[in-house]
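The lines below spell out each chain.
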Amino acid sequence: METFYEVMRQHGISRRSFLKYCSLTATSLGLGPAFVPQIAHAMENKPRTPVVWISGLECTCCSESFIRSAHPLAKDVVLSMISLDYNEVLMAAAGHQAEAAIEEARKKHKGNYILAVEGNPPLNEDGMYCVVGGRPFLEQLKECAADAKAVIAWGACASWGCVQAAKPNPTQAVPIHKVITDKPIIKVPGCPPIAEVMTAVVTYMLTFDRLPELDRLGRPKMFYGQRIHDKCYRRPHFDAGQFVEHWDDEGARRGYCLYKVGCKGPTTYNACSTTRWNGGVSFPIGSGHGCIGCSEEGFWDKGSFYDRLTGINAFGIESNADKVGGTAAGVVGAAVAAHAAVSAIKRATTKQGS
């Protein structure tokens, strides 16, 4: 199988442009310049990674997001970096030809391909609520996972169950880790995930031939290691106690924090406020709508998207400056008094001893 670099050269890409691409890839992965030679070496020498991408209960939003990646472009990922051997949305084949393609990929790359899963399997009625190629998707998922090297769970559907698993969940839809228990699974949640996050995860696995570092929930730390709230450009307004109280009020026009109208940024781990969407143009909060927490487990069953979170303490630097200052002075004063009391006791004890 051809390497990524060989395919790029066939497309007329110069060596200079290839190295520039490697630099941009390192940046998108949050890696330093020292990793550029490693990325270049991997893409020059490693064969393209075979990928089988299957779909269960879902709305295709993950595929729609993926094809809009800007860094790298989705076409470069699909045509050059990986060997996308099966994808119902992007492949030209249909019907029996499509089924033959997936069987060929499983046999040809047994134990070496990555299984990408979009959507989830329903367990009720023996999986008959989702049928692909005349068989329950549940069967296809188990068969493809058995021969895969690793599994990527695209989106909230595959990672957590999403809307299909919302109460009362009549189809008994479940996230894929409830079915696949003997393979490493990388969860890339979101409804959908950010396009550049999806392509970067694939690029990382191609470059380093290993899974990225994951958090305790199985998500790549490089993109899910911080809350949206931590890097949100409206965060200074939160700290200052400046909030949108009602839609289209003066606070909304001034770009104040959306916490009081339901923003879930303080409890949501994702890269929206840094990587952003549509080639880095914006993200929901930047467009005036609060985060709905779509990368977190069970977000669809946690009440209205516009209900205010509870238990989040605002610091209030500006609106409560006197109170904050008084509290700080009280703490310092208490500490000084405690120190003086301890010193007095020590002196009294010393005198008695002498």
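Residues numbered from 1 in each chain as written. Predicted model: local features only at pLDDT ≥ 70, side-chain atom pairs only at ≥ 80, totals over all residues. Heavy atoms only, no water.

**Comments concerning the sheet that holds strand β7 (residues 185-188)**
So, point 1. If you trace the five strands from one edge of the open sheet to the other, you get β2-β1-β3-β6-β7, paired in parallel fashion. Two strands in the sheet have a free side with no partner beyond their single neighbour: β2 (82-87) and β7. Direction aside, the axes of adjacent strands within the sheet are offset by 20° on average.
So, point 2. The pairing of strand β1 (residues 49-55) with strand β3 (residues 114-118) spans five bridges and is parallel. Counted as the bridge partner of valine 52 is leucine 115 from β3. (Pairing = 2+ DSSP bridges. Helix = DSSP H or I, 4+ residues; strand = E, 2+ residues; numbered from the N terminus. Axes fitted to C-alpha atoms, helices over the stretch in contact; angles between N-to-C directions.)

**Examining the pairing of strand β6 (residues 150-154)**
So, point 1. With five of five residues buried, β6 is to be regarded as a mostly interior element.
So, point 2. Side chains Ala150, Ile152 and Trp154 project from β6 onto one buried face, and the interleaved Val151 and Ala153 project onto a second face that is buried too.
So, point 3. Alignment of β3 against β6, held across five bridges, turns out to be parallel. Bridge assignment links alanine 116 to a residue of β6, and that residue is isoleucine 152.
So, point 4. As paired strands, β6 and β7 are joined by four bridges and run parallel to one another. When the sheet's bridge partners are listed, alanine 153 is paired in β7 with lysine 187.
So, point 5. Between the parallel elements β6 and β7, the chain passes through helix α8 (residues 155-160) in a crossover that is right-handed. (Buried < 20%, exposed > 50% of the residue type's maximum accessible area, 1.4 Å probe, protein only. Right-handed = clockwise from strand over helix to strand, strands pointing away.)

**Comments concerning a nonpolar patch on the surface**
So, point 1. A cluster of nonpolar residues, Ile67, Val89 and Leu90, forms a patch on the protein surface that exposes about 220 Å² of accessible area.
So, point 2. Checked against the element boundaries, valine 89 lands in the loop between β2 and α6 (95-108). (Patch = residues over 30% accessible without salt bridge, like charges linked within 9 Å, V, L, I, M, F, W, Y side chains within 5 Å. Areas by Shrake-Rupley, 256 points an atom, 1.4 Å probe, with all protein chains shown as cover. Salt bridge = Lys/Arg side-chain N within 4 Å of Asp/Glu carboxyl O.)

**What to know about the pattern of salt bridges**
So, point 1. Applying the stated criterion to the full structure yields 18 salt bridges.
So, point 2. Taking the shortest distance from any N to any O, the salt bridge between glutamate 103 and arginine 106 comes out at 3.2 Å. Of this pair, glutamate 103 and arginine 106 both sit in helix α6, separated by three residues, roughly a single helical turn.
So, point 3. Residue classification places glutamate 103 among the partly exposed positions, given a relative accessible area of 30%.
So, point 4. A network of salt bridges, in which partner residues are shared, links Glu103, Arg106, Arg135, Glu139, Glu143 and Asp147.

**Overview of the packing of aromatic side chains**
So, point 1. The tally for this structure, following the rule as stated, stands at eleven aromatic pairs.
So, point 2. Members of the aromatic cluster, joined through ring pairs, are Phe35, Tyr204 and Phe208. (Phe/Tyr/Trp six-rings, centres within 6.5 Å; stacked < 30°, edge-to-face > 60°.)

**Some remarks on helix α3 (residues 36-45)**
Each turn of an α-helix holds 3.6 residues, which means side chains three or four residues apart point in the same direction.
So, point 1. Three or more residues of α3 are buried, namely Val36, Ile39, Ala40, Ala42 and Met43. Buried residues of α3, viewed axially, fall in a sector of 165°; they line one side. Set apart from the buried face of α3 by more than 90 degrees, the exposed residues are Pro37 and His41. (Arc of directions from axis to C-beta.)

**Thoughts on the environment of cysteine 61**
So, point 1. By the secondary structure assignment, cysteine 61 is in helix α4 (residues 61-66).
So, point 2. Sequence spacing of cysteine 61 and proline 193 is 132 residues, and the spatial spacing of their C-alpha atoms is 8.7 Å.
So, point 3. Dropping the residues within four chain positions of it, cysteine 61 is found in contact with Glu118, Cys191 and Pro192. (Contact = heavy atoms within 4.5 Å.)

**Some thoughts on the state of the cysteines**
So, point 1. Scanning all chains against the criterion turns up zero disulfides.
So, point 2. Unpaired in this structure, cysteine 191 has its nearest cysteine sulfur neighbour in cysteine 162, at a distance of 4.0 Å.
So, point 3. Classification of cysteine 191 as partly exposed rests on a relative accessible area of 35%.
So, point 4. This cysteine, cysteine 232, is not joined by any disulfide, and cysteine 263 carries the nearest cysteine sulfur, 6.5 Å off.
So, point 5. According to the relative accessible area criterion, cysteine 232 is buried, its value standing at 10%. (Disulfide = S-S within 2.5 Å.)

**A word on the packing of α6 against helix α7 (residues 137-146)**
So, point 1. Taken N-terminus to C-terminus, the directions of α6 and α7 make an angle of 25°; their axes are 10 Å apart at the nearest point. Here α6 is positioned roughly parallel relative to α7, judged by the angle of their axes. Between α6 and α7, the contacting residues are Ile102, Glu103 and Arg106 on the first element and Gln140, Glu143 and Cys144 on the second.
So, point 2. Looking at the contact of α6 with α7 residue by residue, the class counts come to two nonpolar, one polar and three charged. (Parallel < 35°, antiparallel > 145°, perpendicular 65-115°, else oblique. Nonpolar A, V, L, I, M, F, W, Y, C, P; charged D, E, K, R; others polar.)

**Concerning the confidence of the model for the protein**
So, point 1. On average, residues of the protein score 84 in pLDDT, and 84% of them reach the 70 mark or higher.
So, point 2. Mean pLDDT across the elements of the protein ranges from a minimum in helix α14 (residues 321-353), with 49, to a maximum in β7, with 97.
So, point 3. Across residues 316-329 the pLDDT falls below 50, and counting only partners more than four positions away or on other chains, this stretch makes twelve contacts in the model. (pLDDT = per-residue confidence, 0-100.)

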